[in-house]
Amino acid sequence: LHSDPDSQAFGESRRRNVHLSNAQREVYFDAGYLLLPQLFSSEQVEEICDNVEHDARFSGPHNVPESGSTEGGTVYAPHERSELLRYLVRSPQLLGPVQELLNSDVYIYQMKVNVKSPLGDNKVAWHQDYTAWATADDLPRPDLVNVAIYLDDSTEFNGSLMFVSGSHHGGVLGRHRNGGNSQTHLDPSDIALRAGDLSELVTQERNMASTHGTRGTAVLFHPLIVHGSHPNMSPVARRLLIITYNAVHNLPRTSHPRPTYLVGRNTVPLSNNDVPTLRGASK
Ligand SMILES: O=C(O)CCC(=O)C(=O)O
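Residues numbered from 1 in each chain as written. Predicted model: local features only at pLDDT ≥ 70, side-chain atom pairs only at ≥ 80, totals over all residues. Heavy atoms only, no water.

## Focus on the sheet that holds strand 1 (residues 33–36)
Logical step 1: Spatial ordering of the open sheet is given by 1-9-6-11-4-3-2, a layout of seven strands whose pairing is antiparallel. Strands with a single pairing partner mark the edges of an open sheet, and in this sheet they are strand 1 and strand 2 (63–65). When strand polarity is set aside, the average angle formed by the axes of neighbouring strands in this sheet is 15 degrees.
Logical step 2: Pairing of strand 3 (residues 73–76) with strand 4 (residues 106–116), which is carried by four bridges, proceeds in the antiparallel orientation. In the strand pairing of strand 4, Gly73 is matched with Val115.
Logical step 3: The sheet strands contacting helix 4 (residues 92–102) are strand 4, strand 6 (144–150), strand 9 (218–221) and strand 11 (238–247), and the helix crosses strand 6 at an angle near 150 degrees. (Pairing = 2+ DSSP bridges. Helix = DSSP H or I, 4+ residues; strand = E, 2+ residues; numbered from the N terminus. Axes fitted to C-alpha atoms, helices over the stretch in contact; angles between N-to-C directions. Contact = heavy atoms within 4.5 Å.)

Shown next as structure tokens:
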């Protein structure tokens, strides 16, 4: 990642573009995911977590608890309620690489924080995100980039993201529905791939990989890559923030749009020109 030295700080990074190296771009297009270790500092993660925790106190349809737990669940669209997270989605260290990978202006299709409760029974089955969006939103093309930011250290114990390297090259796989708990949100287990789908994907060159790193590490991943995560076997919660950027030309065609907390309808291209200087957490 090339950037000016202080572009790592929120708000001090105004109008400074951040670029991926050619090698990083190649990894993303070849493997379908790219790990960016410690993209955000511990101090920045602290600020993000303060805002995420504050926002999670408010209930509503956007706040979906994990079944059988008081700690886990998903909170959608926190960038609509927190100023700091509104800046985060526009920060040059995210926007620059995503615009370059899609060769397009982008807007927020979805943003969420997934919390896995300690010792929870909360695996995310192997799935492709674009299958959900093509099904639920009639999204024309997989012209999106997901950015996952680990808000806690990600280890082999706490349900880190796992990918089948290169699996995005095969397009949409296994279009069967399994009858999961999908109402407005499409449950990954509903569109989960089966062993037969996976066994063809996993070869000696193309293997399953889990992504570990300290908090503040980001993973960019393709909307067609097969991914999932195992349950959190650790004694503390695991928090993962995921921002999905969509190319501005790739708008959903459905005549029954899902709620805006699930699928953003503000398609104005994001820019970091309006990021103010901001050091303290602003909720
Ligand atoms: O939270 C996780 O561990 C996985 C989330 C995921 O795969 C998804 O939202 O598509």
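## Examining the site of the ligand
Logical step 1: Taken together, the neighbourhood of the ligand is formed by Lys112, Asn114, Lys116, Val124, His127, Asp129, Leu161, His227, Ser229, Arg238, Leu240 and Ile242.
Logical step 2: Contact between the ligand and His227: an oxygen atom at 3.1 Å from a side-chain N or O atom of the residue.
Logical step 3: Here Arg238 contributes a side-chain N or O atom positioned 2.7 Å from an oxygen atom of the ligand.
Logical step 4: The protein chains hide 95% of the 290 Å² of surface that the ligand would expose on its own.
Logical step 5: Broken down by secondary-structure element, the contributors of at least two residues to the shell around the ligand are strand 4, strand 5 (124–127), strand 10 (227–229) and strand 11.
Logical step 6: Class assignment of the residues belonging to the shell around the ligand gives a composition of four nonpolar, four polar and four charged. (Near = heavy atom within 4 Å. Polar contact = N/O pair within 3.5 Å; in protein donor to acceptor, adjacent residues only side chain to side chain. Areas by Shrake-Rupley, 256 points an atom, 1.4 Å probe, with all protein chains shown as cover. Nonpolar A, V, L, I, M, F, W, Y, C, P; charged D, E, K, R; others polar.)

## A closer look at the packing of aromatic side chains
Logical step 1: One pass over the structure, following the stated rule, counts five aromatic pairs.
Logical step 2: Pairing Tyr109 with Trp133 gives two aromatic rings, centres 5.3 Å apart and planes at 70 degrees, and the pair type is edge-to-face. One end of the pair, Tyr109, is in strand 4; the other, Trp133, is in helix 5 (residues 129–137), and 24 residues separate them in sequence. In this structure, Tyr109 and Trp133 share a single accessibility class: buried.
Logical step 3: Ring geometry for Phe163 versus Phe221: centroids 5.2 Å apart, planes at 55 degrees, classification tilted. On the criterion of sequence distance, the pair formed by Phe163 in strand 7 (residues 161–164) and Phe221 in strand 9 is long-range, its members being 58 residues apart.
Logical step 4: What makes Phe163 buried here is its relative accessible area of 0%.
Logical step 5: Among the aromatic residues, ring-to-ring pairing joins Tyr33, Phe163 and Phe221 into one connected group. (Phe/Tyr/Trp six-rings, centres within 6.5 Å; stacked < 30°, edge-to-face > 60°. Buried < 20%, exposed > 50% of the residue type's maximum accessible area, 1.4 Å probe, protein only.)

## Description of the sheet that holds strand 7
Logical step 1: Strands sit in the order 5-10-7-8 across an open sheet of four strands; the sheet is antiparallel. Two strands close off the open sheet at either side, each with one partner strand: strand 5 and strand 8 (208–210). Across the sheet, the axes of successive neighbouring strands diverge by a mean angle of 20 degrees, strand direction being ignored.
Logical step 2: Pairing of strand 7 with strand 10, which is carried by three bridges, proceeds in the antiparallel orientation.

## Considerations on the pattern of salt bridges
Logical step 1: Enumeration over the complete set of coordinates arrives at 10 salt bridges.
Logical step 2: Residue Asp30 pairs with Arg206 through a salt bridge whose shortest N-O separation is 3.2 Å. With Asp30 in helix 1 (residues 22–31) and Arg206 in the loop between helix 6 (195–201) and strand 8, this residue pair connects regions lying 176 residues apart in the sequence.
Logical step 3: Owing to a relative accessible area of 43%, Asp30 belongs among the partly exposed residues under this scheme.
Logical step 4: Between Asp152 and Arg239 there is a salt bridge whose closest N-O contact spans 2.7 Å. (Salt bridge = Lys/Arg side-chain N within 4 Å of Asp/Glu carboxyl O.)

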